[in-house]
Amino acid sequence: MIGFYEIINSTDIIETTLTKTNKIDSFTDEKRQEQVKLLTEKDIVSLEEDYESDCLIVKSDTGYELGELSAAVSKKVMEKVDDIYDVPAYVSELDYDINTEKTKVKIKIVL
C-alpha cells in the first residue's frame, strides 16, 4: 500500500532576544539577570502580558521574570494567538558577555 501525505507547516516560529533582562523583578526585588543565570538551553518559559507597557514579559518555569519581548514582537505574538498563556516558548540560546557580565537570552516562540 502506498500512502501520500502533505506536510503542512501551520506554525510560525519566532526567535528573538529578550530585552530588559537587567531590570528589577517586580515581585522579588532582584535583577532579572539573577534568574537568567540559572537558565539552560531548552528550558520552558511562559509569556505574560504587561498591560502598562503593552509588551510581553517572559517568565521562567518557576514564575520569575527573565525579560521582555520587544514591542514589535509582542504585537506580532498577540495578533496571532487567542490565549497568551497557551503559547509554547523555550530558551534557544544563552550567550554570556564577559565585558558586560550579562547573559543574553534568545527564545523561540511557537505560534
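Below you will find a few notes about this structure. Small disclaimer: the values here were computed from a predicted structure and weren't measured.

Parameters at a glance
- Residues numbered from 1 in each chain as written.
- Predicted model: local features only at pLDDT ≥ 70, side-chain atom pairs only at ≥ 80, totals over all residues.
- Heavy atoms only, no water.
- Helix = DSSP H or I, 4+ residues; strand = E, 2+ residues; numbered from the N terminus.
- Buried < 20%, exposed > 50% of the residue type's maximum accessible area, 1.4 Å probe, protein only.
- Contact = heavy atoms within 4.5 Å.
- Areas by Shrake-Rupley, 256 points an atom, 1.4 Å probe, with all protein chains shown as cover.
- Lys, Arg positive; Asp, Glu negative; His and termini not counted.
- Charge placed at Lys NZ, Arg CZ, Asp CG, Glu CD.
- Pairing = 2+ DSSP bridges.
- Axes fitted to C-alpha atoms, helices over the stretch in contact; angles between N-to-C directions.
- Arc of directions from axis to C-beta.
- Polar contact = N/O pair within 3.5 Å; in protein donor to acceptor, adjacent residues only side chain to side chain.

1. Observations regarding the overall build of the chain
Consideration 1: Scanning the chain from N- to C-terminus turns up 2 helices and 6 strands.
Consideration 2: If you list the helices and strands of the chain from N to C, you get β-α-β-β-β-α-β-β.
Consideration 3: Seen through its principal axes, the chain has C-alpha atoms that stretch 60 × 30 × 25 Å.
Consideration 4: Residues classed as buried in the chain amount to 34% of the 111 residues present.
Consideration 5: Across the chain, the fraction of contacts at a sequence separation of at least 24, relative to all contacts at a separation of at least 6, is 55%.
Consideration 6: With an accessible surface of roughly 7,600 Å², the chain has 50% of that area assigned to carbon and sulfur atoms.
Consideration 7: The centroid of the 14 positive side-chain charges in the chain is displaced by 5 Å from the centroid of its 25 negative side-chain charges.

2. Overview of the sheet that holds strand β6 (residues 102–110)
Consideration 1: If you walk across this open sheet you meet the 6 strands as β1-β6-β5-β2-β3-β4, and the pairing is antiparallel. Two strands close off the open sheet at either side, each with one partner strand: β1 (13–17) and β4 (65–68). Ignoring strand direction, the axes of neighbouring strands in this sheet form an average angle of 35°.
Consideration 2: Judged from the 8 bridges that link them, strand β5 (residues 89–97) and β6 form a sheet pairing that is antiparallel. Opposite leucine 94, over in β6, you have valine 105 as the bridge partner.

3. What to know about unusual backbone geometry
Consideration 1: One non-glycine residue with positive phi stands out, namely aspartate 29, at about 60°.
Consideration 2: The residue aspartate 29 is located in the loop between β1 and α1 (32–36) in this model.
Consideration 3: The phi angle at lysine 42 is positive, at roughly 80°, despite the residue not being glycine.
Consideration 4: Counting through the fold element by element, lysine 42 comes out in the loop between α1 and β2 (44–50).

4. Topic: helix α2 (residues 71–80)
Consideration 1: All of the buried residues along α2 are Val73, Ser74 and Val77. End-on, the buried residues of α2 take up no more than an arc of 100°, which puts them together on one face. Exposed positions of α2 whose direction lies more than 90 degrees from the buried face are Ala72, Lys75 and Glu79.
Consideration 2: Buried residues belonging to α2 abut β1, β2, β3 (55–59) and β6.

5. What to know about the side chain of glutamine 35
Consideration 1: Its place among the elements puts glutamine 35 in helix α1.
Consideration 2: A polar atom in the side chain of glutamine 35 sits 3.2 Å from the side chain of glutamate 30.
Consideration 3: Those residues within four positions of glutamine 35 in sequence are excluded, and the remaining contacts are Glu30, Tyr64, Glu65 and Leu66.

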